[in-house]
Amino acid sequence: MGFEGRTMRAAVMYGVNQPLVVEEVEIAEPGPGEVMVKLANSSVCHSDLHALDGAWPPPVPIVLGHEGAGTIEAVGPGVTRHQVGDPVVLSWTPGCERCRFCLVGRPNLCEKLAETVHAGVMYDGTTRMRKDGRPIYTYMGTGSFGEFTVVPETGAVAVPSGVPTDVAAVVGCAVTTGFGAATKTVHIAPGDTAVVIGLGGVGLSVLFGCAAQSAGKVIAVDVHDDKLAMAKRAGATHVINARETDPVAAIWELSGGRGADFVFEAIGLKATIEQALGMLGTRGTAVLVGMAPEGVRFEADPTLVAMMELRIVGSNYGSANPPIDFPRILGLAQADQLDLASLITSRVPLDDINDAFDAMKRGEGIRTVIDFT
């Protein structure tokens, strides 16, 4: 695959716990079945931080970022679903459309992801970016911390016209992951008690989903008062500051001694996963949404799980089928039924990307969006 003819600025990771380097790199034109996307916005996610701090050490050098939106810049041979100029949002589960999960509408579980997306390469096993002749990988098959990226055509999803690109970007991961967990991974019946632990972009999106399902009580748990205040505006009926109150005891009190029907853990920590299990009432379901660092294990009492018929369910990317779910969610936002813009609390240029990660480490804000325009 040739690389001649195009350079761009991108934030490159060269090592764990090292600042990203914003520099010029080369990018190839799209190959067969591939598209080049010109990024307008990309947002910063905790999964990017997991790579940067070594919790999920990636191959390096690598361009991080997986929540991005922009327009189709070029199409490779055989591409049928996109044309130059089309507005799109990136999906980090570009389904192969051939495996058993893709064929039943579950591209989030595509059997090819392990050898492509998780390895930071394209379907042919190579990269489309390089620097001084050295291959540069793309994080989660996306690499949205650059002015351009090349992805399989299934990795770019058309969005309705008029959707702001910053809002489309956050739908590419956080919103879909959270909203889908509450609306697709499990079924919340009207009147159920639902708890959300962790109020980042994913957790607040879970809360949106719980409210949309007409849960009776929607209880938000976090350690930051500003995020709890946002949760109230987003539909939480109760909030708990876990620094000030034992959240498990508080849930049992708020539920009248019955426990929660659903608890969504949106952080990925051993302690909060075990708290989620402790909040469940009989036949309650813990939904593990947050992605934990490699090696994290949690403990559960198997007798209690059996006796109470508890359920522990994983939710990957909100059980999403991006070509269907991205437009659906964005349509709800356009109809003013989801306030997705409220998740964006900061906007910065690419040169300030390291500052965005520092703010995330301090727990500040919800989503920082990189502006390429």
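That block above? That's the structure.
Position labels on residues start from 1 in each chain and follow its written sequence. Predicted model: local features are reported for residues with pLDDT of at least 70 only, side-chain atom pairs are reported and counted for 80 or more only, and whole-chain, interface and lining totals are derived from all residues. Water and hydrogen atoms were dropped before computing side-chain values, which therefore reflect all heavy atoms in the structure.

**Q** What is the right way to read the overall build of the protein from this model?
**A** To qualify as a helix, a DSSP run of H or I must reach at least 4 residues; to qualify as a strand, a run of E must reach at least 2; elements of each kind are numbered from the N terminus. If you tally the helices and strands in the protein, you get 10 helices and 18 strands. The globule rule is 2.2 Å times the number of residues to the power 0.38, and the radius of gyration it is compared with is taken over C-alpha atoms. In terms of overall size, the protein behaves like a compact globule, its C-alpha atoms giving a radius of gyration of 20 Å where 373 residues would be expected to give roughly 21 Å. The dimensions of the protein, computed from C-alpha atoms along their principal axes, are 65 × 40 × 40 Å. In the protein, the proportion of contacts linking residues at least 24 apart, taken out of those at least 6 apart, comes to 71%. Surface exposure here means Shrake-Rupley accessible area, sampled with a 1.4 Å probe, where a residue is shielded only by the protein chains that are shown. As displayed, the protein offers around 15100 Å² of accessible surface, 51% of which is attributable to carbon and sulfur atoms. We treat Lys and Arg as the positive residues and Asp and Glu as the negative residues; His and chain ends play no part in the count. One atom stands in for each charge, and that atom is NZ of Lys, CZ of Arg, CG of Asp or CD of Glu. When the 28 basic and 42 acidic side-chain charges of the protein are each reduced to a single mean position, those positions are 4 Å apart. We call two residues in contact whenever any of their non-hydrogen atoms come within 4.5 Å of each other.

**Q** Would you take a moment to explain the sheet that holds strand β15 (residues 280-288) for this structure?
**A** Backbone-to-backbone hydrogen bonds join strands into a sheet, with any given pair of strands oriented parallel or antiparallel. Overall, parallel pairing links the six strands, which are arranged β13-β12-β11-β14-β15-β16 in an open sheet. Single-partner strands in this sheet number two, and they are β13 (238-241) and β16 (311-314). Adjacent strand axes in the sheet meet at a mean angle of 20 degrees, parallel and antiparallel pairs treated alike. Should DSSP find at least two bridges between two strands, the strands are taken to pair. The sheet contact formed by strand β11 (residues 193-197) and strand β14 (residues 260-265) spans four bridges and is parallel. Each bridged residue has a counterpart across the sheet, and for V196 the counterpart in β14 is F264. Axes here refer to lines fitted to C-alpha atoms; in helices the fit is confined to the stretch in contact. Angles between the N-to-C directions go from 0 to 180 degrees.

**Q** I tried to follow the packing of helix α3 (residues 165-185) against helix α9 (residues 322-334) on my own but got confused; where do I start?
**A** How two helices pack is summed up by the angle between their axes together with the distance between the axes. In contact at an axis separation of 10 Å, α3 and α9 are set at 95 degrees when each is read in the N-to-C sense. Compared by their axis directions, α3 and α9 come out roughly perpendicular. Residue-level contacts link V167, A168, V171, G172, V175, T176, F179, T183 and K184 of α3 to D325, F326, R328, I329, L330 and L332 of α9. In the scheme used here, Gly and all other residues not listed as nonpolar or charged are polar, with Ala, Val, Leu, Ile, Met, Phe, Trp, Tyr, Cys and Pro taken as nonpolar and Asp, Glu, Lys and Arg as charged. Class assignment for the residues of the contact of α3 with α9 results in nine nonpolar, three polar and three charged. Each angle gets one of four labels, with under 35 degrees taken as roughly parallel, over 145 as roughly antiparallel, 65 to 115 as roughly perpendicular, and the rest as oblique.

**Q** Would you mind going over the nonpolar core with me for this structure?
**A** Here is a general trend for soluble globular proteins: nonpolar side chains tend to be buried in one another's company. In this text, buried Ala, Val, Leu, Ile, Met, Phe, Trp, Tyr and Cys residues form a nonpolar core when linked through side-chain atoms within 4.5 Å. With a 1.4 Å probe rolled over the protein chains alone, any residue whose accessible area is under 20% of its type maximum counts as buried; one over 50% counts as exposed, and the rest are partly exposed. Core analysis: the largest hydrophobic core is formed by 101 residues, its most contacted members being L20, L64, F145, L207, C210, F264 and L340. Among the elements that take part in this core, α3 stands out by supplying 11 residues, more than any other. In terms of nonpolar packing, the next biggest core, distinct from the first, is built from 17 residues, V195, A250, A260 and A286 among them.

**Q** Is there a simple way to think about empty space enclosed by the protein in this case?
**A** Rolled over the atoms, a probe as big as a water molecule pinpoints where empty space is left. Buried and open spaces are told apart on a 1 Å grid over the protein atoms alone, a cavity being a set of points where a 1.4 Å probe fits but cannot get out and a pocket being an open set with protein on both sides within 12 Å along at least five of seven lines. Residues with an atom within 4 Å of a point are the lining residues. Grid points are joined across faces, edges and corners, and a volume is the space filled by probe spheres set on the points. Across all of its chains, the model carries one cavity of 30 Å³ or more by this definition. Volume-wise, the largest cavity comes out at about 50 Å³. P94, T116, V117, V121, M122, Y123, G141 and P152 together form the lining of the largest cavity.

**Q** Would you mind going over the side chain of R128 with me for this structure?
**A** Note on placement: R128 falls in the loop between α2 (100-103) and β7 (129-131). Distance and chemistry together define a polar contact, namely a pair of N or O atoms within 3.5 Å, with one atom able to donate a hydrogen and the other to accept it when in protein, and with adjacent residues in sequence counting only for side-chain atoms on both sides. Among the polar contacts made by the side chain of R128, one reaches the side chain of T126 at a distance of 2.7 Å.

**Q** Please clarify how the environment of E23 should be interpreted in this entry.
**A** Inspection of the secondary structure assignment puts E23 in strand β2 (residues 21-27). Beyond its immediate sequence surroundings of up to four residues, E23 is in contact with M8, R9, A10, V12, Y14 and K131.

**Q** So what exactly am I meant to see when it comes to the sheet that holds β2 here?
**A** Around the barrel, which closes on itself, the five strands sit in the order β1-β2-β7-β8-β4 with mixed pairing between neighbours. Pairing geometry for β2 and β7, over two bridges, is antiparallel. If you follow I27 over to β7, its bridge partner there is M129.

**Q** Just to check I follow, could you spell out the pairing of strand β5 (residues 67-75) for this structure?
**A** On a regular strand, one side chain projects to one face of the sheet and the next to the other, so that they alternate. Bridge count between strand β3 (residues 34-43) and β5: eight bridges; the pairing is antiparallel. When the sheet's bridge partners are listed, L39 is paired in β5 with G70. Relative to strand β6 (residues 87-90), β5 is paired through three bridges, and the arrangement is antiparallel. Looking at β6, one finds that G70 is bridged to V88.

**Q** Would you mind showing me how to read the environment of Q18 here?
**A** Here Q18 is to be found in the loop between β1 (7-13) and β2. The spacing of Q18 and D53 is 35 residues in sequence and 8.4 Å in space, taken between C-alpha atoms.

**Q** I'm lost on the pattern of salt bridges in this one. Help?
**A** It is possible for side chains of opposite charge to pair when their charged atoms get near one another. Basic side-chain nitrogens of Lys or Arg form a salt bridge, by our definition, when they fall within 4 Å of a carboxyl oxygen of Asp or Glu. Tallied over the full model, the rule gives 17 salt bridges. Close ionic contact of E26 with R130 constitutes a salt bridge, the shortest N to O distance being 3.3 Å. Of this pair, E26 sits in strand β2 while R130 is found in strand β7, placing the two residues 104 residues apart along the sequence. Among the ionic pairs, R367 bridges to E67, the shortest N-O distance being 2.9 Å. Linking R367 in strand β18 (residues 367-371) with E67 in strand β5, this pair joins segments that are 300 residues apart in sequence. Taken together, the shared-partner salt bridges connect R6, E29 and E73 into one network.

**Q** What's the story with the side chain of S144 in this structure? I'm lost.
**A** Its location among the elements puts S144 in the loop between β8 (134-138) and β9 (148-152). Look at S144 and you get buried, because its relative accessible area is 0%. Once you skip the residues sitting within four places of it in the chain, S144 turns out to touch L39, S42, L64, G65, H66, E67, G68, L90 and F372.

**Q** How should helix α5 (residues 225-234) be read in this particular structure?
**A** Within an α-helix, residues lying three or four positions from one another point in the same direction, as the helix has 3.6 residues per turn. Burial in α5 covers these residues: K227, L228, M230, A231 and A234. End-on, the buried residues of α5 take up no more than an arc of 160 degrees, which puts them together on one face. Along α5, the residues that are exposed and aim more than 90 degrees away from the buried face are D225, K232 and R233. Once α5 finishes, G235 follows within two positions and takes phi at roughly 120 degrees, a positive value. Taking the helix axis as origin, the arc is that swept by the directions to the C-beta atoms.

Geometric descriptors of this kind do not, in isolation, establish any biological role.
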